[in-house]
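So the chains spell out like this:
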Amino acid sequence: MRRTFPLLLDVVVVESPAKVKPIQGYLDKSEANRWKVVSTRGHVTKMVSIDPIQLKGCFTFSDEKVPLLKTIPTLAQKGKKGKVFLATDPDREGECIAQDIATYLKSGGKKGPEVCRISFNEVTEKAVLESLQQQRKVNKHLVDAGVARKIIDWWFGIAASRFLRNHNRECISAGRVQSPALSLVADRTKDQVDFVPESFFNLSVLFKYAGAECSANVTLGKTSRLSVSETEALTKLVSKSPEFRATATEKVLQGSTPAYFDTAACLKECSKELKMRISEVTEELQGLFVKGYVTYIRTDSTTISSEAAGAIRQYIEKRYGKSNVLETSPAKPKKGKLAQEAHEAIRPTNIALESVPDIGPKAAAVYDMIRRRTLAATMQPPSYNARSLKLTHPKPLGGKTVTATTQAKVLRSPGYLVVTSPNKASEVRKQISKDDVTKVQVKVGKLAEVTTKPPSDLTSSELVESLKKHGIGRPSTYSSILLTMTDRRNYLSEVNNVLKITEAGAVANDFMSSTFPNWVDYKYTAKLEADLDKIAKGKLKKDEFLRTFREQFSRDVSAVKSSKARFLGVDPETRLNYWCKFDSRAGGKIACLGDVGEYPFYRIQSQGVPGLEEVARHLKANPTYPNTKCDFTA
């Protein structure tokens, strides 16, 4: 019997294979036999070279992905009017993958199926079906930002890594983001080595107040860090004149409301509280996202949608009472150098789901933390009854007032503690004991010597926080940055989430800091990230950004060129610096180099050193590696 197909056969393309089954189920439920969901399993292209004159990357379709790409239009055309919905992740990488698929479907001048872009921040039936009603074109600005990042990473990685390996064979690579991240750990190590301990003394006084034994450290002027002579003088003063004036103040202390989880905060808190590696947390987050339990996990937003906030408030009112609902609107989206694409914060897709049955214990623990944080960010903060008692001696010492302050507080209203710390929330709430005395008799208490300690080693969660603070990397790269330095390059060791720089890491950092100081400078790296954000928002042209980058990088590379390379000059048309050197590994050919480090654009057989015009002519005719396949440029 001849097989027939439905009038329409639409294809939905996602990245992760784990998304195929749930999304296929949602679509079949909506309209059976119409949909086919396929997965790209990540990128479908790879960048094989760069055209330094046109400032474009040369891309080729990965051999293992071509069969899938050929299948997509075949499936869609079976229904004659079928569409291809590009539902890759809602970030720059996802936009680039969508653009690459669209490029393939339109290659060769053939008329393929209609292609449109859809995206959703959560893998739920409602979100998927709604995205089909919000079809759009691929965002060119996001693609430009993604391509620009690949090009500058390639430029820097090729040049800096070659220089670094020539310096020390154990140092495998350098990276535009990896190197400043490594510098953060190296700087902490240097602070520890340079640390000079200091000693001081704390002196306490003992007294009775409201029927209780109390103690407080003495403050001289504005500091409680005392010298030996000051402690001796204070001991004599208090022993001779033990009476202090007492001033009590009462107030209600309000706890702070935590922000919803962005990627950095989620990685940090889960790693710290659950004793998991950052890469483990990332893996569990990805699993929770593709199964539809949490929203998109690569985000720097600390706000949620008004619809989600309303549903969460309704749940809190029903479960914990209306008095526990935080009525203010969710946190405003961040603006500034760290803000990237406008996603929601990480939150459960269904706040009423207290636990999920079909995941492992680690994923369950991560989900529980996300759910508790989401609830806490939408609930009233705890409040406390607090009493502060300040003791002041009537006689100053050396012109400085002598005081001692102590404070007590008890829980007044638990707020979100009923979710985050049930044991604390259940504590008996009472008023602080009162005492109307205005004078207190004290006696000298304990004299303790304190020695300052050097900075502690950075933990992986603290490094993520530092990366975010300095604007190094983005939510999608935090985990890979750490994994590269610990597992792939052996630049850092990680034991119980504590990071230490290895010998190879120290060598790499010292070389990069002295040779390419710009590229380990936090501010410069953050500026590059900010410029990429501007490209993504359409506020900066990709070519303008790459041209500026190339000029700066050319100057940096020129300053450290190998003595074996000979400078030929600057092409007045392209402003590229041209070099050449003898390459014995290539059969005695001359390798001609551009201004992107040790990148050989072509090799020629020559009796002597070629001239600038000859090199420029050959480079313009052959801007990439010879025999390199290039399906398209971007």
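Because the structure is predicted, anything quoted here is derived from the model rather than measured.

K.L.:
I'm lost on the overall build of the chain in this one. Help?
P.N.:
Counting its regular elements, the chain contains 19 helices and 20 strands. Relative to its 634 residues, the chain shows a buried fraction of 50%. Within the structure as shown, the chain displays about 31,500 Å² of accessible surface, and the carbon and sulfur contribution to it stands at 50%.

K.L.:
Honestly, unusual backbone geometry in this entry has me stumped. Any pointers?
P.N.:
For N490, which is not a glycine, the phi torsion comes out positive at approximately 55°. Inspection of the secondary structure assignment puts N490 in the loop between α15 (478-488) and β14 (492-495).

K.L.:
In this structure, what is going on with the pattern of salt bridges? I would like to understand it.
P.N.:
For side chains bearing opposite charge, pairing can occur when the charged atoms are close. Evaluated as defined, the whole model comprises 32 salt bridges. Between K500 and D457 there is a salt bridge; the shortest N-O distance is 2.6 Å. Note that K500 is positioned in strand β15 (residues 498-501) and D457 in the loop between β13 (443-451) and α14 (460-470), a separation of 43 residues in sequence. According to the relative accessible area criterion, K500 is partly exposed, its value standing at 44%. The exposure class of D457 is partly exposed, given its relative accessible area of 22%. Through salt bridges with shared partners, one network takes in E93, R149, D153, R176 and E529.

K.L.:
Quick question: what am I supposed to make of the packing of aromatic side chains here?
P.N.:
For any pair of aromatic rings, geometry is given as the distance between the ring centres together with the angle between the planes. If you walk through the whole model with that rule in mind, you get 13 aromatic pairs. Through a chain of ring-to-ring contacts, the aromatic side chains of W155, F156, F516, W519, Y524, F549 and F553 assemble into a single cluster. The aromatic ring of Y384 is capped on one face by K409, whose charged end is 4.4 Å from the ring centroid.

K.L.:
Any chance you could explain the sheet that holds strand β3 (residues 45-51) here in plain terms?
P.N.:
Within a beta sheet, neighbouring strands are joined by backbone hydrogen bonds and run either parallel or antiparallel to one another. A sheet is described by the order of its strands in space; here 3 strands give the open sequence β3-β4-β20, paired in antiparallel fashion. Each of the sheet's edge strands pairs with one partner strand only, and the pair in question is β3 and β20 (632-633). Lying over the sheet, helix α3 (residues 92-105) contacts β3, β4 (56-61) and β20, oriented at roughly 65° with respect to β4. Helix-sheet contacts for helix α5 (residues 140-167) involve β3 and β4, and the interaxial angle to β3 is about 65°.

K.L.:
Help me out: how do you make sense of the side chain of R347 in this one?
P.N.:
Looking at the element boundaries, R347 is found in the loop between α10 (306-320) and α11 (361-376). Polar side-chain contacts of R347 include one of 2.9 Å to the side chain of E344. If we ignore the near neighbours within four places in the chain, the residues touching R347 are E122, Y293, V294, T295, I304, S305, A308, I370 and T374.

K.L.:
When you look at α14 in this model, what are you seeing that I'm missing?
P.N.:
Side chains three or four residues apart in an α-helix point the same way, a direct result of the helix having 3.6 residues per turn. What α14 keeps buried is the set S460, S461, L463, V464, S466 and L467. Next to the buried residues of α14 lie α6 (178-194), α8 (263-274), α9 (278-290), α15, β14 and β15.

K.L.:
Can you help me understand the sheet that holds strand β6 (residues 114-117) in this one?
P.N.:
Strand order in the open sheet made by the 4 strands is β2-β1-β5-β6, with parallel pairing throughout. Edge strands, defined here as strands with exactly one partner in the open sheet, are β2 (35-39) and β6. Averaged over all pairs of adjacent strands, the angle between their axes in this sheet comes to 20°, without regard to strand direction. Bridge analysis of strand β5 (residues 83-86) against β6 gives 4 bridges, and the strand direction is parallel. Each residue of the ladder has a partner; that of V84, found in β6, is V115. On top of the sheet, helix α1 (residues 20-30) reaches β1 (10-14) and β2; it is set at about 165° to β2, its chief contact.

K.L.:
Please clarify how the nonpolar core should be interpreted in this entry.
P.N.:
Across soluble globular proteins, you tend to see nonpolar side chains buried next to one another. I72, I101, L463, F545 and F553 are the most contacted members of the largest nonpolar core, which totals 116 residues. Per-element accounting of this core gives the leading share, 13 residues, to α5. When residues no more than four places from it in sequence are discounted, the contact partners of I72 are V11, V13, V38, V84, I101 and L105.

K.L.:
Would you take a moment to explain the environment of E130 for this structure?
P.N.:
Structurally, E130 is set in helix α4 (residues 125-132). A relative accessible area of 37% means that E130 is categorised as partly exposed. Through-space distance from the C-alpha of E130 to that of F120 is 8.4 Å; in sequence the pair is 10 residues apart.

K.L.:
What is the right way to read α6 from this model?
P.N.:
Relative to the 24 Å expected for 17 residues at 1.5 Å per residue, α6 spans 24 Å between its end C-alpha atoms, a close match to the ideal helical length. Of all the positions in α6, only Q178, S179, P180, A181, L182, S183, L184, V185 and A186 are classed as buried.

K.L.:
Just checking my understanding: could you explain the environment of T231 for this structure?
P.N.:
Along the chain, T231 turns up in helix α7 (residues 228-240). In this structure T231 comes out as buried when scored by relative accessible area, which is 4%. Not counting chain neighbours up to four residues away, the residues in contact with T231 comprise F201, L203, L226 and L447. In this structure the side chain of T231 is engaged in a polar contact, spanning 2.6 Å, whose partner is the backbone oxygen of V228.

K.L.:
So what exactly am I meant to see when it comes to the confidence of the model for the chain here?
P.N.:
Parts of the prediction with low pLDDT should not have their coordinates interpreted in detail. Averaged over all residues, the pLDDT of the chain equals 84, while 83% of them reach at least 70. Per-residue pLDDT stays below 50 along residues 596-602; that stretch engages in 44 contacts with residues further than four places along the chain or on separate chains.

K.L.:
Before we go on, may I ask you to explain the side chain of S301 in this structure?
P.N.:
Mapped onto the fold, S301 is located in the loop between α9 and α10. Among the polar contacts made by the side chain of S301, one reaches the main-chain amide nitrogen of T303 at a distance of 3.2 Å. Leaving out residues up to four positions away in the same chain, S301 has contacts with F261, D262, H343, E344 and A345.

K.L.:
Before we go on, may I ask you to explain the packing of α6 against α14 in this structure?
P.N.:
Two measures define how a pair of helices packs: the angle their axes make with one another and the distance between the axes. Where α6 meets α14, the closest approach of the two axes is 11 Å, and the angle between their N-to-C directions is 120°. Compared by their axis directions, α6 and α14 come out oblique. As for how α6 packs across α14, the hand of that crossing is right-handed. Only L463, S466, L467 and H470 of α14 make contact with α6, whose side of the interface consists of A181, L184 and V185. Taken together, the residues of the contact of α6 with α14 break down into 5 nonpolar, 2 polar and no charged.

K.L.:
In this structure, what is going on with the pairing of β14? I would like to understand it.
P.N.:
Within a regular strand, side chains alternate between the sheet's two faces. As defined by bridge partners, β14 adjoins β15 across 4 bridges and the pair is classed as antiparallel. Note that in β15 the partner of V495 across the bridge is V498. Between the end of β14 and the start of β15, which pair antiparallel, lie 2 residues, with N496 showing a positive phi angle near 55°.

K.L.:
Looking at this structure, I do not really get the packing of α1 against α4. What am I missing?
P.N.:
Look at α1 against α4: their axes get within 10 Å of each other, and the N-to-C directions meet at 65°. Relative to α4, the element α1 is oriented roughly perpendicular. When you trace α1 past α4, the crossing you get is right-handed. Each of I23, Y26, L27, K29 and S30 in α1 lies in contact with α4, whose residues at this interface are E125, V128, L129 and L132. Tallied by class, the residues present in the contact of α1 with α4 amount to 6 nonpolar, 1 polar and 2 charged.

Procedures and definitions
Starting afresh in each chain, residues are numbered from 1 along the sequence in its written order. For a predicted model such as this one, the threshold for reporting local features is a pLDDT of at least 70, and the threshold for listing and counting side-chain atom pairs is 80 or more; totals across whole chains, interfaces and linings nevertheless cover every residue. With hydrogens and water excluded, all non-hydrogen atoms of the structure serve as input to the side-chain values. Think of it this way: any DSSP run of H or I at least four residues long counts as a helix, any run of E at least two long counts as a strand, and we number them from the N terminus. Burial classes: relative accessible area under 20% of the type maximum marks a residue as buried, over 50% as exposed, and values in between as partly exposed (1.4 Å probe, protein chains only). Reported accessibility uses the Shrake-Rupley method at a 1.4 Å probe radius. Residues are deemed covered only where the shown protein chains occlude them. Each salt bridge in this description consists of a side-chain nitrogen of Lys or Arg and a carboxyl oxygen of Asp or Glu lying within 4 Å of one another. Note on aromatic pairs: the rings of Phe, Tyr and Trp (six-membered ring only in Trp) are paired at centre separations within 6.5 Å, and the planes decide the class, stacked below 30 degrees, edge-to-face beyond 60, tilted for the rest. Here, a charge over a ring is recorded when the distance from Lys NZ or Arg CZ to the ring centre is within 6 Å and its angle to the ring normal is within 35 degrees. For two strands to pair, DSSP has to find at least two bridges joining them. We call two residues contacting when some pair of their heavy atoms lies within 4.5 Å. Helix axes use the C-alpha atoms of the stretch in contact, all axes being lines fitted to C-alpha atoms, and the angles between their N-to-C directions lie in the range 0 to 180 degrees. As used in this structure description, the phrase polar contact means that two N or O atoms lie within 3.5 Å; if the pair is within protein, one of them must be able to donate a hydrogen and the other to accept it, and residues adjacent in sequence are counted only when both atoms belong to side chains. Definition used in this section: a nonpolar core is a set of buried Ala, Val, Leu, Ile, Met, Phe, Trp, Tyr and Cys residues joined via side-chain atoms within 4.5 Å. Helix span is expected to be 1.5 Å times the residue number reduced by one. On a range of 0 to 100, pLDDT expresses the predictor's confidence in each residue. Throughout, the term roughly parallel applies to angles under 35 degrees, roughly antiparallel to angles over 145, roughly perpendicular to angles from 65 to 115, and oblique to all others. Handedness of a helix crossing follows the sense of rotation of the near helix relative to the far helix, less than a right angle counterclockwise being left-handed and clockwise being right-handed. Gly is placed with the polar residues, together with every amino acid not listed as nonpolar (Ala, Val, Leu, Ile, Met, Phe, Trp, Tyr, Cys and Pro) or charged (Asp, Glu, Lys and Arg).

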